[in-house]
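The lines below spell out each chain.
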Amino acid sequence: MRKFLMLVLAVFCLTVLAVAEDPFEGLELKIAYDFDFWDEDDISYGTKDDRDLFFSDSQAGVSVLFSGTRESAFKDEGKKDGLAFRHESIWEAGATKNYVAFSLEQRHDFNMYAYDEFPDAKYFTIYIDLSNYSKNFEFYPIIYEQDYNEDGSKAGVSCLAVKGGVKFYLKSLEGELTTGKTLENWVKIPKGFVGRIYMPLDDYVPIWGTADVNGKFDGLEVIRYKFSLVDIGNKGEYVLFDEFGFLL
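For the structure given in this document, a descriptive report is provided here.

What counts as what
- Residues numbered from 1 in each chain as written.
- Predicted model: local features only at pLDDT ≥ 70, side-chain atom pairs only at ≥ 80, totals over all residues.
- Heavy atoms only, no water.
- Buried < 20%, exposed > 50% of the residue type's maximum accessible area, 1.4 Å probe, protein only.
- Helix = DSSP H or I, 4+ residues; strand = E, 2+ residues; numbered from the N terminus.
- Pairing = 2+ DSSP bridges.
- Core = buried A, V, L, I, M, F, W, Y, C linked by side-chain atoms within 4.5 Å.
- Contact = heavy atoms within 4.5 Å.
- Polar contact = N/O pair within 3.5 Å; in protein donor to acceptor, adjacent residues only side chain to side chain.
- Phe/Tyr/Trp six-rings, centres within 6.5 Å; stacked < 30°, edge-to-face > 60°.
- 1 Å grid on protein atoms, 1.4 Å probe; cavity = no way out; pocket = protein on both sides within 12 Å on 5 of 7 lines; lining within 4 Å.
- Points joined across faces, edges and corners; volume = space filled by probe spheres on them.
- Nonpolar A, V, L, I, M, F, W, Y, C, P; charged D, E, K, R; others polar.
- Salt bridge = Lys/Arg side-chain N within 4 Å of Asp/Glu carboxyl O.

## Thoughts on the pairing of strand 15 (residues 238-247)
Within a regular strand, side chains alternate between the sheet's two faces. Most of strand 15 sits out of view: ten of its ten residues are buried. Bridge analysis of strand 1 (residues 29-33) against strand 15 gives four bridges, and the strand direction is antiparallel. For tyrosine 33, the partnering residue across the bridge sits in strand 15 and is phenylalanine 244. Where strand 6 (residues 123-129) meets strand 15, six bridges bridge the pair, whose relative direction is antiparallel. The residue bridging isoleucine 128 from the neighbouring strand is phenylalanine 241, located in strand 15.

## Some thoughts on the nonpolar core
Judged by nonpolar contacts, the single largest core of 49 residues is most densely connected at Trp38, Phe124, Phe137, Ile189, Tyr225, Phe244 and Phe246. Excluding residues that lie within four positions of it along the chain, isoleucine 189 makes contacts with Leu130, Asn136, Phe137, Phe139, Phe168, Leu170 and Ile197.

## Some details on unusual backbone geometry
The phi torsion of most residues other than glycine is negative, and most of the peptide bonds are trans. Not every positive phi belongs to a glycine, and aspartate 41 is a case in point at roughly 65 degrees. Secondary-structure assignment places aspartate 41 in the loop between strand 1 and strand 2 (55-58). Backbone geometry places aspartate 120, a non-glycine residue, at a positive phi of 65 degrees. Topologically, aspartate 120 is positioned in the loop between strand 5 (100-105) and strand 6.

## Some points on the side chain of aspartate 218
For aspartate 218, the location among the structural elements is in the loop between strand 13 (204-206) and strand 14 (222-229). A polar contact is formed between the side chain of aspartate 218 and the side chain of asparagine 214, at a distance of 2.9 Å.

## Re the packing of aromatic side chains
Pairs of aromatic rings are described using the distance from one ring centre to the other and the angle between the two planes. Counted according to the given criterion, the structure contains 42 aromatic pairs. Taking the centre distance of 4.1 Å and the plane angle of 0 degrees together, the rings of phenylalanine 74 and tyrosine 127 count as stacked. Separated by 53 residues along the polypeptide, phenylalanine 74 in the loop between strand 3 (64-69) and strand 4 (84-89) and tyrosine 127 in strand 6 bring together distant segments of the chain. Assessed through its relative accessible area of 11%, phenylalanine 74 is described here as buried. You can call tyrosine 127 buried: its relative accessible area is 3%. Here phenylalanine 124 and tyrosine 225 contribute two aromatic rings whose centre-to-centre distance is 5.6 Å and whose plane-to-plane angle is 5 degrees, an arrangement assigned as stacked.

## Structural notes on the layout of surface pockets
Taken as a whole, the largest pocket encloses approximately 290 Å³ of empty space. Of all the secondary-structure elements, those providing two or more residues to the lining of the largest pocket are strand 6, strand 9 (167-172) and strand 12 (194-200). No other element matches strand 12, which puts three residues into the lining of the largest pocket. Its residues assigned to classes, the lining of the largest pocket shows eight nonpolar, four polar and four charged.

## Points about the pattern of salt bridges
For the structure shown, the criterion picks out 13 salt bridges. Among the charged side chains, a network of salt bridges with common partners joins Asp34, Asp36 and Lys75.

## Topic: the side chain of glutamate 243
Tracing the chain through its elements places glutamate 243 in strand 15. Assessed through its relative accessible area of 3%, glutamate 243 is described here as buried.

## Here we look at the environment of proline 23
Secondary-structure assignment places proline 23 in the loop between helix 1 (2-20) and strand 1. When the C-alpha atoms of proline 23 and leucine 177 are compared, they prove to be 9.7 Å apart, with 154 residues separating the residues in sequence. Those residues in contact with proline 23, other than ones at most four positions away along the chain, are Tyr123, Tyr169 and Leu177.

So this is what it looks like as structure tokens:
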């Protein structure tokens, strides 16, 4: 029995060491979307009263509130100032629980051209804080991009998400690196996780009836990000997002 336990511990240690190796060595982070230009505590975001029109669609103001907050604002380069994006459940028990998704346009105050370019990107990354959410967090991290024909002419707009059974990475605020396996187009993040998630873009595929000329993420014109949430949580629970980015 003791030999068996020692073998299990040895395998576990090897696994931890393997995960601890840096899979991002040589890659550079390019921030795609930050929330520092939002107005703090403005709860009109994603509603009919949202004058900034950062969202192309959402159900804010029905079951959830969106706002910019200094809580858990994150800076990958060190200084923690600015704002994060707060997604708070206002769902009352017994009421109809609305399906919730939101789409953020790549266009914003720092990028007025409605898209950005991330060619040859290897990972899509999001900072997330689940300290105030009581369950595992399940959502679809979707990217919309302009697709191109082989002759360089524009094709349709592709909606891309990760396929199932793929390894993705989680790096905690303390720097611990672990892995998870994707489900079909969506991911499950452990309860209470705070840190970055990294989605492998080589495993992003077109979904929801959209087509793609070469069937993969190109990063030539990233247009928007869509997040569909499996469960918004109970009233008063919230999730915090910051610094969407790409590793190139």
